Amino acid sequence: MKPRQFKSTLAVLFANRMSVLTAGSPGIGKTSIIKQIAFSQGMDVIFLHPQYADHGEVAGVTWVWVSPDGQEMKADRVPLANMAPLFEATKPTLVIIDDLGHCMQSIQNSFMQLIEERRIGLRQVSDHVVFAASTNRKEDNAGAKTITSTMSNRFYTSITLDPSMPDLVEHAQCEGWEETMAPFINFCHSKDDPLFQPPTRDGSPFCTPRSLDKLQQMESAFSIEGSECPYEVVLGTVGQAMGDKYVAFRKIKKEIAHLPELAYSDPHGCEVPERPDLQYAMAGAVAMRATMATADAFFTYMARFPNEMEVVAVMDATRRDNTLKNTTPYRNWVVANQKWILEDD
């Protein structure tokens with residue numbers, strides 16, 4: 001399932017207190033999307049990390065009560081203090097069971113009663129609580145073990161998340177990633193260049209949405225200091241292959257650094273780069289600056305680009321700022337470019 005559909009699916013499941021198990025490669029955004037939807041619904045979030053837990057932490061410990069006169073005894077499984085919020089919740093609460101597949105089989109089994117019967121011993125989990133678990137798959141080379149069918153069957157549904165290039169661009173814009181990243185992602189996509197890479201067997205860095213997020217954070221930090229993220233740091237974040245491509249694209253961006261502002265002050269006269277790599281960098285930089293106030297200049301300038309590039313830039317701009325769709329230049333553009341829009345969809 002692609003991230004956009006995954007988000008809308010989670011919104012329905014969480015609103016109806018239905019549990020979900022999500023599987024996928026490391027770093028593709030499983031847990032971050034789950035948290036994002038929970039926070040958008042005003043839910044509290046509790047994390048459980050089964051790979052560090054023992055049986056008693058999950059399933060409770062046996063406790064025996066003896067009456068004061070010593071004549072009666074009863075035993076029950078009692079949850080430990082770390083699980084108390086599950087029983088005491090008074091508002092919508094999401095319990096994220098992170099990396100479920102990384103724990104021992106016996107620990108996985110300890111979650112069965114909690115997920116399906118929503119209780120530990122005789123203590124019932126609050127009706128406000130919903131469970132969401134995430135895991136890597138065995139084939140991901142991430143050290144995960146197989147989730148048994150008896151475990152996965154306890155959840156309402158199991159979903160495999162697949163990374164999506166357009167969804168990552170939208171995420172990059174919504175999260176305010178610096179303007180090199182979204183054009184770089186689009187550029188890789190246009191060349192059918194695999195942006196996401198499978199986990200390496202030797203533990204060396206590889207490119208995922210999570211590593212790209214970390215890279216943009218470091219770029220922002222270094223830019224505050226008046227520099228850019230060092231080459232070796234880039235490689236240590238996204239790996240050699242993608243790191244070399246990113247650094248090359250970053251150099252391309254410098255070649256057109258003076259043009260984006262000129263595109264808005266003189267959309268008819270501003271230079272349109274001839275090289276495709278420069279066009280992608282320029283289109284992305286201009287799209288990042290588009291607003292309702294500058295819509296006329298934006299659409300005027302982008303109309304001078306190849307149609308495919310123009311569509312990419314407009315889609316990027318409207319994903320970042322949906323109010324652009326309320327402008328006359330956008331409506332005129334839609335009428336004039338229906339063929340390209342339909343092909344892009």
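We now turn to the structure provided with this report. (Residues numbered from 1 in each chain as written. Predicted model: local features only at pLDDT ≥ 70, side-chain atom pairs only at ≥ 80, totals over all residues. Heavy atoms only, no water.)

### Section: the overall build of the chain
Move 1: The secondary structure content of the chain amounts to 17 helices and nine strands.
Move 2: Structurally, the chain occupies a C-alpha span of about 95 × 45 × 40 Å along its principal axes.
Move 3: Each of the 345 residues in the chain was classed as buried or not, and the buried ones make up 48%.
Move 4: Seen as two clouds, the 33 positive and the 43 negative side-chain charges of the chain have centres 3 Å apart. (Helix = DSSP H or I, 4+ residues; strand = E, 2+ residues; numbered from the N terminus. Buried < 20%, exposed > 50% of the residue type's maximum accessible area, 1.4 Å probe, protein only. Lys, Arg positive; Asp, Glu negative; His and termini not counted. Charge placed at Lys NZ, Arg CZ, Asp CG, Glu CD.)

### Regarding unusual backbone geometry
Move 1: Of note, the phi angle at Arg 17 is positive, near 55 degrees, even though the residue is not glycine.
Move 2: Looking at where Arg 17 falls in the secondary structure, it is placed in the loop between helix 1 (3-15) and strand 1 (20-23).
Move 3: Take Arg 17: its relative accessible area is 24%, and that puts it in the partly exposed class.
Move 4: A positive phi is found at Asp 99, a non-glycine position, where the angle reads about 55 degrees.
Move 5: Along the chain, Asp 99 falls in the loop between strand 5 (93-97) and helix 5 (105-116).

### Notes on helix 1
Move 1: For helix 1, spanning 13 residues, the distance from its first C-alpha to its last is 18 Å, which sits close to the expected 18 Å at 1.5 Å a residue.
Move 2: By the burial criterion, the buried members of helix 1 are Pro 3, Phe 6, Leu 10, Leu 13 and Phe 14. Down the axis of helix 1, the smallest arc covering the buried residues is 90 degrees, so these residues share one side.
Move 3: Downstream of helix 1 by one or two residues, Arg 17 has phi in the positive range, about 55 degrees. (Expected span 1.5 Å × (residues − 1). Arc of directions from axis to C-beta.)

### With respect to the pairing of strand 4 (residues 73-78)
Moving residue by residue along a regular strand, the side chains alternate between the two faces of the sheet.
Move 1: Bridge analysis of strand 3 (residues 61-66) against strand 4 gives six bridges, and the strand direction is antiparallel. Each residue of the ladder has a partner; that of Thr 62, found in strand 4, is Arg 77.
Move 2: Linking strand 3 back to strand 4 in an antiparallel pair, the connection comprises six residues, with Gly 70 at a positive phi of about 75 degrees. (Pairing = 2+ DSSP bridges.)

### A word on the packing of aromatic side chains
Move 1: Taken as a whole and judged by the stated rule, the model has seven aromatic pairs.
Move 2: Their ring planes at 45 degrees and their centres at 6.2 Å tell us that Phe 299 and Trp 333 sit as a pair that is tilted. With Phe 299 in helix 14 (residues 295-302) and Trp 333 in helix 16 (residues 328-336), this pair connects stretches of sequence that are 34 residues apart.
Move 3: Judged by relative accessible area, Trp 333 falls into the buried class, the value being 5%.
Move 4: Cluster of aromatic residues (ring-pair linked, three or more members): Phe 298, Phe 299, Tyr 330 and Trp 333. (Phe/Tyr/Trp six-rings, centres within 6.5 Å; stacked < 30°, edge-to-face > 60°.)

### Side note on the pattern of salt bridges
Move 1: One pass over the full model with this rule turns up twelve salt bridges.
Move 2: Put simply, Glu 116 and Arg 154 hold a salt bridge, and the shortest N to O gap is 3.1 Å. With Glu 116 in helix 5 and Arg 154 in the loop between helix 6 (149-152) and strand 9 (157-160), the pair connects residues that are 38 residues apart, well separated along the chain.
Move 3: A residue is classified by how much of its surface remains accessible, and Arg 154, at 26% relative accessible area, is partly exposed.
Move 4: The network of salt bridges with shared partners includes Glu 219, Glu 228, Arg 250 and Lys 254. (Salt bridge = Lys/Arg side-chain N within 4 Å of Asp/Glu carboxyl O.)

### Section: the packing of helix 13 (residues 276-288) against helix 14
Move 1: Between helix 13 and helix 14, whose axes approach to 10 Å, the crossing angle comes to 165 degrees. As summarised for this structure, helix 13 and helix 14 are arranged roughly antiparallel, according to the angle between their axes. When you trace helix 13 past helix 14, the crossing you get is left-handed. Only Phe 298, Tyr 301 and Met 302 of helix 14 make contact with helix 13, whose side of the interface consists of Met 282, Ala 283, Val 286 and Ala 287. (Axes fitted to C-alpha atoms, helices over the stretch in contact; angles between N-to-C directions. Parallel < 35°, antiparallel > 145°, perpendicular 65-115°, else oblique. Left-handed = near helix turned anticlockwise from the far one by under 90°. Contact = heavy atoms within 4.5 Å.)

### Topic: helix 13
Move 1: End to end, helix 13 covers 18 Å across 13 residues, agreeing with the expected 18 Å (1.5 Å per residue, within 8%).
Move 2: Burial runs high along helix 13: twelve of the 13 residues are buried.

### Re the sheet that holds strand 1
Move 1: Overall, parallel pairing links the five strands, which are arranged 2-5-8-1-9 in an open sheet. Whereas interior strands pair on both sides, the edge strands pair on one side only; in this sheet they are strand 2 (44-48) and strand 9. When strand polarity is set aside, the average angle formed by the axes of neighbouring strands in this sheet is 20 degrees.
Move 2: Relative to strand 8 (residues 129-135), strand 5 runs parallel, the two sharing five bridges. Paired with Ile 97 across the bridge in strand 8 is Ala 133.
Move 3: Where helix 1 meets the sheet, it contacts strand 1, strand 5, strand 8 and strand 9, and its direction lies at approximately 160 degrees from that of strand 1.
Move 4: Its contacts with the sheet place helix 2 (residues 30-40) against strand 1, strand 2, strand 5 and strand 8, and it is angled at close to 175 degrees to strand 5.

### Looking at the nonpolar core
Generally speaking, a soluble globular protein has its nonpolar side chains buried in company with each other.
Move 1: Grouped together as the largest cluster of nonpolar side chains are 49 residues, with contacts concentrated most on Met 282, Val 286, Phe 298, Tyr 301, Met 302 and Phe 305.
Move 2: Per-element tally for this core: the top contributor is helix 13, with seven residues. (Core = buried A, V, L, I, M, F, W, Y, C linked by side-chain atoms within 4.5 Å.)

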